[in-house]
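# Fold and geometry: a report
Listed below, chain by chain, are the residues.
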Amino acid sequence: MAQEDQLKKVIGHAKEYGFVFPSSEIYDGLSAAYDYGQLGVELKNNIKAYWWAAMVRMHENIVGLDASIFMHPTTWKASGHTDAFNDPLIDNKDSKKRYRADVLIEEYIAKIDAKIAKDVKKAQKRFGDAFDKAEFLSTNGNCLRRQAEIDGINDRFKAAMEADDLVAVKALIEDLGIACPVSGSRNWTDVRQFNLMFKTELGAVSGDAGVIYLRPETAQGIFVNFLNVQKSGRMKLPFGIAQIGKAFRNEIIARQFIFRMREFEQMEMQFFVAPGDQTKWYEYWKDQRIAWHKALGLGEEKYRFHDHIKLAHYADAASDIEFDFPMGFKELEGIHSRTDFDLKAHEEHSGRKLRFYDPEREESYVPYVVETSLGLDRMFLAVLSSALREEQLEGGSERTVMCIPPALAPVKVAILPLLKKDGLPEKAREVLQLLKLNYNVQYDEKDAIGRRYRRQDAIGTPLCVTIDHDTLTDGAVTLRDRDTMEQQRVAIEDLTAAVEAKVSMATLFS
Ligand code: GAP
């Protein structure tokens, strides 16, 4: 299926089954804003729980925080967001469409990358098992020429951005012959910087004095509380603070469903380390985070690292975990070695010391920070888009199934009395009472059992429990597995253990 068709399918399915709705839809929606429906909120909560368990529960030296969205405006001066949290934008004079200049250049590079990938695929087919990808890439003339072109573009772009030379960015776009995808013309305006923070006013104070911002990242709430947590929790370095919360960015172009929104949620963790230890911990967190993703079983080949060329103003190293979304490989999570930039800047702007006394080194210093930053909504899209499948079944029929990792599935078990009579609904409700103590369960007695199975497949329910006439005498139920569609008889007294074996989050950590 074409990638765009797959994204459309995901969006349609998400709406039809109550995962994600367009925001304020009865007023024709609001661009790039979405609401999570009855199943979406469950999936989102389960992703949060998985992240929180992995970061906070599994690490004795990581604790949680829930900081406010509004922060003192000097926070953003100190962090650099007021002056430097900009995207370079450019307009096409004919279509009047606005673009991020860096994205236009990235998309141009992606096309060259795709040509390299095509050459690799062709060669792979020709040489079969004897194919050596690394050797091919380092010797094939076409690939070398294309890679050199990519490197040249990246170098020019990096130099232009580091020098804040927007004229050079425009020149690069013109030299590459990039045309507006809508008008097809190369009639561009100058490149300008656009600050992404949303401004609002505090209480009744108007004018500049009352201006505050909606936080563009959750991280700063952690930095300003570094000492509060360290002292009150008697934390020793290295230690981390984790937080899940909303962030807001006035994105120039927000699109691709919940991939890029103006209001979104982040799951961030700042790990405070001794100066000099940051590279070791940066590598540690890269390993930890990729393992966290891969444990979900969405497919090892769906992830790759992308090391940054253009580093953010606060970082000395940075890498993205990219995921193969329906739109291709895109950033899912960032891992950044943020140096001591933020704490030092907050020291300078607040006049307060944000230091740690290290008894081993017998000195006080400003810790360095390694950050992991995952977009919850992007994680949601990664799960949803890779889970949705159309399967051909024996006998020629088809089913739509969402192979959501069982630990994240919104509904864990569906309770289905075979018939709406003969005491089966009553028995089914007894089973429901038992399972709902531990799991989100759904009761469904409408339609033939096959249709009910299909409905549960479509929302990703890992297990269905069917109560039939035998249940009344033998105290056992039929347990159907979503993925294999196999059925087995299980005694009601063993049901909780059987469900636990399938859906427990603990399996992800082993
Ligand atoms: N504190 C560091 C930071 O915010 P970032 O790379 O700008 O780094 C981290 O953002 C993550 O937040 C991204 O990897 C992405 O998953 C998510 N994210 C960023 N902007 C987003 C947007 N407009 N919509 C949805 N998710 C976004």
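This report concerns the structure included in the present document. Keep in mind it's a predicted model, so treat the numbers as computed, not measured. (Residues numbered from 1 in each chain as written. Predicted model: local features only at pLDDT ≥ 70, side-chain atom pairs only at ≥ 80, totals over all residues. Heavy atoms only, no water.)

### Quick look at helix α5 (residues 101-127)
The first and last C-alpha atoms of α5 sit 40 Å apart over 27 residues, in line with the 39 Å expected at 1.5 Å per residue. For α5, the set of buried residues is A101, D102, V103, L104, I105, I109, I112, I116, D119, V120 and A123. Elements in contact with the buried residues of α5: β4 (86-91), β5 (98-100), α6 (133-139), α7 (141-162) and α8 (166-175). In the segment just after α5, G128 is the residue with positive phi, at about 60°. (Helix = DSSP H or I, 4+ residues; strand = E, 2+ residues; numbered from the N terminus. Expected span 1.5 Å × (residues − 1). Buried < 20%, exposed > 50% of the residue type's maximum accessible area, 1.4 Å probe, protein only. Contact = heavy atoms within 4.5 Å.)

### Details of the site of the ligand
As a structural note, the neighbourhood of the ligand is formed by 21 residues, with E217, M261, E268, E331 and L332 the closest of them. Between E331 and the ligand, the recorded distance is 2.5 Å, taken from a side-chain N or O atom to an oxygen atom. L332 places a polar main-chain atom, nitrogen or oxygen, 2.8 Å from an oxygen atom of the ligand. In isolation the ligand has 550 Å² of accessible area, and contact with the protein removes 93% of it. In terms of residue count, the dominant contributor to the shell around the ligand is strand β13 (residues 328-339) (six residues). A per-class count over the shell around the ligand returns six nonpolar, five polar and ten charged. (Near = heavy atom within 4 Å. Polar contact = N/O pair within 3.5 Å; in protein donor to acceptor, adjacent residues only side chain to side chain. Areas by Shrake-Rupley, 256 points an atom, 1.4 Å probe, with all protein chains shown as cover. Nonpolar A, V, L, I, M, F, W, Y, C, P; charged D, E, K, R; others polar.)

### Notes on the packing of α7 against α8
It is at 9 Å that the axes of α7 and α8 come closest, and there the two elements cross at 160°. Classed by the angle they form, the pair α7 and α8 counts as roughly antiparallel. Contact residues: α7 offers I153, R156, F157, A160 and M161, while α8 offers A168, V169, A171, L172 and D175. Looking at the contact of α7 with α8 residue by residue, the class counts come to eight nonpolar, no polar and two charged. (Axes fitted to C-alpha atoms, helices over the stretch in contact; angles between N-to-C directions. Parallel < 35°, antiparallel > 145°, perpendicular 65-115°, else oblique.)

### Comments concerning the sheet that holds strand β23 (residues 487-491)
Each strand in a sheet pairs with another by means of backbone hydrogen bonds, the pair being arranged parallel or else antiparallel. Reading across the sheet, the five strands line up as β20-β19-β21-β22-β23 and stay open at both edges, with mixed pairing between neighbours. Edge positions in the sheet fall to β20 (441-443) and β23, since each has one partner strand and no second. In this sheet, neighbouring strand axes are inclined to one another by 25° on average, regardless of whether the strands run parallel or antiparallel. Two strands pair when backbone bridges link them, and strand β21 (residues 463-467) and strand β22 (residues 476-481) are joined in this way by four bridges, in the antiparallel orientation. Bridge pairing in β22 places T466 opposite T478. Helix α15 (residues 449-459) contacts β19 (413-417), β20, β21, β22 and β23 of the sheet and is inclined by roughly 170° relative to β19. (Pairing = 2+ DSSP bridges.)

Shape is all these values report; function is a separate question.
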